[in-house]
Structures are given as structure tokens and as C-alpha cells.
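# Structural description and commentary
Residue-level listing of the chains:
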Amino acid sequence: MANFSATQVKELRDRTGLGMMECKKALAAADGDVDLAIEELRKASGMKAAKKAGRTAAEGIVVVKVADDNSYAVAVEINSETDFAARDGNFTAFAETVLEKAFADKQADVEALMAGELTEVRDALVQKIGENIGVRRVMIVEGEMVAAYAHSTGTLAALVALNGGNAELAKDVAMHVTAVNPQVVSPEDMPADVVAKEKEIILAQPDMASKPAEIAEKMVVGRINKFLAENSLTEQAFVKNPDVKVGQLVKDAGASVASFIRIEVGEGIEVEHKDFAAEVAEQLKG
């Protein structure tokens, strides 16, 4: 019996774009671990980093608000069980109420924010909509010049703080962050363990085996630099004008990027996959 499911094969295919047999083989070798299968495939084929897992068990929305003086901005993620509920007027009104309180109190602690009245409002909404609703996280960014951008879908947003510059520039950078998804502000901000893992994967790729050590080292340095450039905000081509890097765009305005946060609804929430027969059998056992 295979030590992986059809769902895992589909996830690996969706994330890598590889054929079914190749995905099955990789999963068998990785004992059904999708992330390990991806890592080994990257070592074996030099494949670029795969798409992140679509771990979005939760639907919902992200709402944002920026202070009038652009000194801080708040983003709140609120989850529902279905997309239908997330579009309900009562749900969006609740999201705005939570946002206003988080903004007024500058409160990023969800438990403290929800204590008392807001929990009662949430409980009443759960009864009305018939779905579980949760305030998952509140993010606050402060700085000299802060702006926010929320995608029209309501499921993706970014907060950006600049040193210097103006609100329009900060909002442009926030829009870029939602679209391109940088991991860090600049290459030197990339965690050492992430760089070490990338180096390990590059060294294991087939075209490295036949190269003399000094050539291989140069190739590793080149590929690491490319990886850092692709994942660092300041080194990315600006989404509205690919001829200029974000770092240069900001520098030309006499500013620099202090920090950013990107929020996507449901990211990092594990989906529990069950087939219907197994679910019924489990319920019957209970």
C-alpha cells in the first residue's frame, strides 16, 4: 500500500508542476512528506523553489487602517469557515468593529482585544451566521512614514514603514509587497539557517558533482546571490516599473525601507484532508 494519498500527489503536482509519476516516485522516497519530497526534487533536478502549500483551511478577510499622520497602521485577519460567510455584510461589519478597536487601543494581543464586549458581539454573529468565526491576528507597524495596501479580494494586505518618503511611495511599496511576496527587506536580513539550507540544496544539484571545488564555490555564491535578490524587497524589480529596483525607487525619494508585514488569509493553517468514507467510519466508531 502506498505511504501517501492522492491528495498529497495533487499537492506536489500543484506546487512543482511535475508529472504524476515523478511526484509519486518522489513521495514514495520521502515516505509521504511533501516538503521533503520537494527538497529532494530540488537537489536532484535544480528545480526552483516550489510554491508554498495552499494551507488555507480558513476563509476570511484582512482589513487595514492607517493613522492620519501615517505614524502607524493596523491589519486584522478574521476567519470564517466559508468564503460565503466572509462576504456577508454582518461579518464585514464585525471585522470593521474589531479593526477600529485595535486601531484605537493600538492593541495587537487578540485575547486582550476581544475580552468583554467584542466576544459577545462575535458570539452573537456565530449564532446568526451559523459558522465559527475567529479573530486570528492583529498586526501593527509603526514608523516615520507608514502605509497599507489591501488587495481587492480582501484576502491579502501589506503594511510598510519607510524612513522618510511620503504616503504615496509607502503605499506603492506596500502594493509591491502584496504582489511579489518578498521574505526580507534586504539580502543581509535573510536568516542564516535559510541561506545554509539553500546552499545545501544547490551543492547537491547534479551539475555541481563534476565541477572543481573552486568553480563549484563560485557557482554556489552566484546562485545564493540570485536567491537573495529574488527574495529581498530592496533587490526586487518594482512591480509598477520593472526597470527600477524597489531599493533604488525608495532611495531616489530620499527614503529607506524600515520594515514590512504581508498578511494572507489562512496562511500557515494546516488543512486536514479526510476522505468521506474514513470520516463516516470515524463518526460511527465514536
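Residues numbered from 1 in each chain as written. Predicted model: local features only at pLDDT ≥ 70, side-chain atom pairs only at ≥ 80, totals over all residues. Heavy atoms only, no water.

Attention now goes to the overall build of the protein. In terms of helices and strands, the protein carries 13 helices and 8 strands. Buried positions account for 38% of the 286 residues belonging to the protein. In the protein, 63% of the contacts between residues at least 6 apart in sequence involve partners at least 24 apart. (Helix = DSSP H or I, 4+ residues; strand = E, 2+ residues; numbered from the N terminus. Buried < 20%, exposed > 50% of the residue type's maximum accessible area, 1.4 Å probe, protein only. Contact = heavy atoms within 4.5 Å.)

Inspection of every chain in the model, using the stated rule, returns 20 salt bridges. The shortest N-O distance in the salt bridge between E39 and K197 comes to 3.2 Å. Separated by 158 residues along the polypeptide, E39 in helix α3 (residues 34-45) and K197 in helix α9 (residues 192-203) bring together distant segments of the chain. In this structure, K226 and E230 form a salt bridge, with 2.9 Å as the shortest nitrogen-oxygen distance. Taken together, the residues span about one helical turn, with K226 and E230 both in helix α11 (residues 213-231) at a distance of 4 residues. (Salt bridge = Lys/Arg side-chain N within 4 Å of Asp/Glu carboxyl O.)

Before going further, it helps to spend a moment on the sheet that holds strand β2 (residues 72-80). Read across the open sheet, the 3 strands follow the order β1-β2-β3; overall the sheet is antiparallel. If you trace the sheet from one side to the other, it starts and ends with β1 (59-66) and β3 (134-142), each paired once. On average, each strand axis in the sheet is inclined to that of its neighbour by 15°, with strand direction left out of account. On the sheet, helix α5 (residues 89-105) packs against β1, β2 and β3 and is oriented at approximately 145° with respect to β2. (Pairing = 2+ DSSP bridges. Axes fitted to C-alpha atoms, helices over the stretch in contact; angles between N-to-C directions.)

Moving on, we come to the sheet that holds strand β4 (residues 145-150). Reading across the sheet, the 3 strands line up as β4-β5-β8 and stay open at both edges, with antiparallel pairing between neighbours. Edge strands, defined here as strands with exactly one partner in the open sheet, are β4 and β8 (256-264). The mean angle between the axes of side-by-side strands here comes to 15°, regardless of whether they run parallel or antiparallel. With 6 bridges connecting them, β4 and strand β5 (residues 156-163) associate as antiparallel partners.

In a regular helix each residue adds 1.5 Å, so 19 residues correspond to 27 Å; α11 covers 27 Å between its end C-alpha atoms and thus fits that length. Taken residue by residue, α11 has A216, V220, I224, F227, L228 and N231 as its buried positions. All buried residues of α11 lie within an arc of 105° about the axis, which places them on one face of the element. Seen from the buried face of α11, the exposed residues on the opposite side, beyond 90 degrees, are E214 and K218. (Expected span 1.5 Å × (residues − 1). Arc of directions from axis to C-beta.)

Membership of the largest hydrophobic core comes to 23 residues, with the highest contact counts inside it found for V74, V76, I78, F94, V98, I133 and V135. Mapped by element, the contributors of at least two residues to this core are β1, β2, α5, α6 (110-114), α7 (117-129) and β3. By residue number, the principal contributor to this core is α5, which donates 7 residues. Setting aside residues no more than four positions away along its own chain, V76 makes contact with I61, V62, V63, V98, L99, A102, V135, R137 and V138. Within the second largest apolar cluster, 19 residues are counted, among which are L162, V185, V246 and A255. (Core = buried A, V, L, I, M, F, W, Y, C linked by side-chain atoms within 4.5 Å.)

Here we take up the side chain of N79. The residue N79 is located in strand β2 in this model. Polar contacts involving the side chain of N79 include one to the side chain of E77, which spans 2.8 Å. (Polar contact = N/O pair within 3.5 Å; in protein donor to acceptor, adjacent residues only side chain to side chain.)

Aromatic rings considered in pairs are described by the distance between their centres and by the relative angle of their planes. This model, assessed by the stated rule, comprises 1 aromatic pair. The interplanar angle of 20° and the centroid separation of 4.8 Å between the aromatic rings of Y72 and F103 together place this pair among those described as stacked. Of the two residues, Y72 sits in strand β2 while F103 sits in helix α5, which places them 31 residues apart along the sequence. Here F103 falls in the buried class, since its relative accessible area comes to 13%. (Phe/Tyr/Trp six-rings, centres within 6.5 Å; stacked < 30°, edge-to-face > 60°.)

The subject of this paragraph is the environment of R15. Tracing the chain through its elements places R15 in helix α1 (residues 6-16). Distance from R15 to I38, taken between C-alpha atoms, is 8.7 Å for residues 23 residues apart in sequence. Reaching out from R15, the side chain makes a polar contact with the side chain of E11 at a distance of 2.9 Å. Of the polar contacts made by the side chain of R15, one reaches the side chain of D35; its length is 3.2 Å.

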